[in-house]
Amino acid sequence: MTVITLTILLFALGTGTTLTFVSSHWLLAWMGLEISTLAILPLMAQQHHPRAVEAATKYFLIQATAAAVLLFASTTNAWISGHWDIQQTSHPLPLTLVTLALALKIGLAPLHSWQPEVLQGLGLNTGVILATWQKLAPFAILTQIQTPNSPLLIALGLASIFIGGWGGLNQTQLRKVLGYSSIAHLGWMVLVLQYSRSLALLALLLYIIVTYATFTLFILKNVTSVKALFALGAKNPILTTLLPFLLLSLASLPPLTGFLAKLLILKELTKQGLAPTAALAILGTLLSAFFYVRLSVATALTLAPNTMTGTAPWRLMSSRLTMPISISTVLAVALLPLTPALLALLTF
């Protein structure tokens, strides 16, 4: 793919997401979602590999289905209420259809099965876009629709937390693990969305930071499986030291950045009188924490099954840009002390 083509596709990707951000009309928001979907499809199929083409085809069919349901729901809402304003969607039928369509777009359980399979068929560079940037536009619409005391969002959130944790337990491919990780983290965001939108957006921001840092480390050394983590210590001891911190931050263990969002969400759920829901969410997170700890052990405490021969790879200079890795890793590990400042911004 040429530089000009790549620039045009990335520009279209950003334009579609931005159009959804600034839209209050259903048709404009739908148009932005479709622009971003069509822009990422060539990026997904650029490898000309059967798995990449299969992943792009699956993604297109799923997104087209969700877009059709979303357009039908918005048209139904306009027929019932007489307006196309996103924030004025209050009838239960279009509201339920919109929620399910957006859940299918971002991969919430039980509409999640496409996400790990699609991520597995993509390269790491395209996978990080799918796991982070492509969540922004549907989530922006979710924050605009009025869903007071919606049991559907709570059910989707709890199902995503449990299925995201359960599905990642026996995975050996890191892209599938990160796919199930995305499902579980989105469950936490949806769980608190109707009670505190700013807190849900903060959780999304922290998820994007930690996931981007993890993907960039995998991209730097082209690590795609758990087996490859065994030999990472002999190739690059510095990355071997950093990666467990990122994985444990995804597991939301203190005192790392990932713990911040879960702590604030549990506090908000308890304040809303949903202590049983918070307890179930914690139990579901234990499943995710198990496979994160398993990956951390495979990275830092397990030796390669064979003897590494040849020159020491870590003495060779890397030709890739390492500044994004440095910044994202610091943010993914050390943001917890800034909790009072973030709380002040949330209440501003």
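All figures in this text were calculated on a predicted structure; none of them were measured in a lab.

Thoughts on the packing of helix H8 (residues 151–167) against helix H15 (residues 275–300)
What describes two packed helices is the angle between their axes and the distance between those same axes. Relative to each other, H8 and H15 sit at 25°, their axes nearing to 7 Å. By the angle class used here, H8 and H15 are roughly parallel. By crossing handedness, the relation of H8 to H15 is classed as left-handed. Contact with H8, carried on its side by Ile154, Leu158, Ile161, Phe162, Gly164, Gly165 and Trp166, involves Thr277, Leu280, Ala281, Leu283, Gly284, Thr285, Leu287, Ser288 and Phe291 of H15 and no other residues of that element. Of the residues in the contact of H8 with H15, the class split is 10 nonpolar, six polar and no charged.

Description of helix H13 (residues 237–250)
Compared with an ideal rise of 1.5 Å per residue, which puts 14 residues at 20 Å, H13 spans 21 Å between its outermost C-alpha atoms and is within 8% of the ideal. When H13 is considered as a whole, its buried residues turn out to be Leu239, Thr240, Leu243, Pro244, Leu246, Leu247, Ser249 and Leu250.

Some points on the side chain of Gln120
Relative to the assigned elements, Gln120 resides in helix H5 (residues 114–120). Setting aside chain neighbours within four positions, we find Gln120 in contact with Arg51, Gln173, Arg175 and Lys176.

As for the environment of Gln47
For Gln47, the location among the structural elements is in the loop between helix H2 (26–44) and helix H3 (50–81). In sequence terms Gln47 and His185 are 138 residues apart; their C-alpha atoms lie 29 Å from each other. Not counting chain neighbours up to four residues away, the residues in contact with Gln47 comprise Ala52 and Gly123.

Some remarks on the nonpolar core
In terms of nonpolar packing, the biggest core is built from 102 residues, with Met44, Tyr59, Val118, Phe218 and Leu229 touching the most fellow members. Examining the composition of this core, we find that 16 residues originate from one element, helix H10 (residues 197–221), more than from any other. Here this core spans two domains, and each of domain 1 (1–123) and domain 2 (147–306 + 321–347) adds at least three residues to it. Residues in contact with Tyr59, not counting those within four places in the same chain, are Thr37, Ile40, Leu41, Met44, Trp114, Val118, Leu130 and Gln134.

Side note on the UniProt feature "transmembrane region" (unreviewed entry) in the protein chain
Those residues carrying the UniProt feature "transmembrane region" (unreviewed entry) are residues 57–80, 92–111, 151–170, 201–220, 241–266, 278–304 and 325–346 in this numbering. Helix makes up 73% of residues 241–266 and strand 0%, and the two end C-alpha atoms of the span are 30 Å apart.

Here we look at the packing of helix H14 (residues 258–271) against H15
For the pair H14 and H15, interaxial distance at closest approach is 8 Å and the crossing angle is 155°. It follows from the interaxial angle that H14 and H15 lie roughly antiparallel. Where H14 crosses over H15, the handedness of that crossing is right-handed. Across the interface between the two elements, Lys262, Leu266, Leu269 and Thr270 of H14 pack against Ala275, Ala278, Ile282 and Thr285 of H15. Here the residues of the contact of H14 with H15 sort into five nonpolar, two polar and one charged.

Focus: the side chain of Ser160
Checked against the element boundaries, Ser160 lands in helix H8. The class of Ser160 is buried, set by a relative accessible area of 0%. In this structure the side chain of Ser160 is engaged in a polar contact, spanning 2.9 Å, whose partner is the backbone nitrogen of Ala109. A polar contact is formed between the side chain of Ser160 and the backbone oxygen of Leu156, at a distance of 2.7 Å.

So, how was this worked out
All residue numbers here refer to positions counted from 1 along the written sequence of the relevant chain. Reporting of local features is limited, given that this is a predicted model, to residues whose pLDDT is at least 70; pairs of side-chain atoms are given and counted only at 80 or more, and all residues count toward the totals for whole chains, interfaces and linings. In computing side-chain properties, one takes all heavy atoms of the structure into account and sets aside hydrogens as well as water. Fitted lines through C-alpha atoms serve as axes, helices being fitted only where they are in contact, and the angles separating the N-to-C directions of these axes extend from 0 to 180 degrees. Each helix is a run of DSSP H or I of at least 4 residues and each strand a run of E of at least 2, with the numbering of both proceeding from the N terminus. If an angle is under 35 degrees, it is roughly parallel; if it is over 145, roughly antiparallel; if it lies from 65 to 115, roughly perpendicular; otherwise it is oblique. By definition, turning the near helix anticlockwise from the far helix through less than a right angle yields a left-handed crossing, and turning it clockwise yields a right-handed one. Residues count as neighbours in contact if any of their non-hydrogen atoms are within 4.5 Å of one another. Throughout this entry, Asp, Glu, Lys and Arg are counted as charged residues, while Ala, Val, Leu, Ile, Met, Phe, Trp, Tyr, Cys and Pro are counted as nonpolar. The remaining residues, Gly among them, count as polar. In this analysis, the expected span of each helix is defined as 1.5 Å times one less than the number of residues it contains. Throughout, exposure labels follow a simple rule: accessible area from a 1.4 Å probe, protein chains only, divided by the maximum for the residue type, with under 20% read as buried, over 50% as exposed, and the rest as partly exposed. Residue types Ala, Val, Leu, Ile, Met, Phe, Trp, Tyr and Cys, when buried and joined through side-chain atoms within 4.5 Å, form a set referred to as a nonpolar core. An automatic or database domain assignment supplies the start and end points of every domain. UniProt positions are given in the numbering used here, feature names are shortened, and annotations may be inferred rather than shown by experiment. N or O atoms closer than or at 3.5 Å make up a polar contact, with two conditions inside protein: a donor-capable atom paired with an acceptor-capable one, and, for residues adjacent in sequence, both atoms drawn from side chains.

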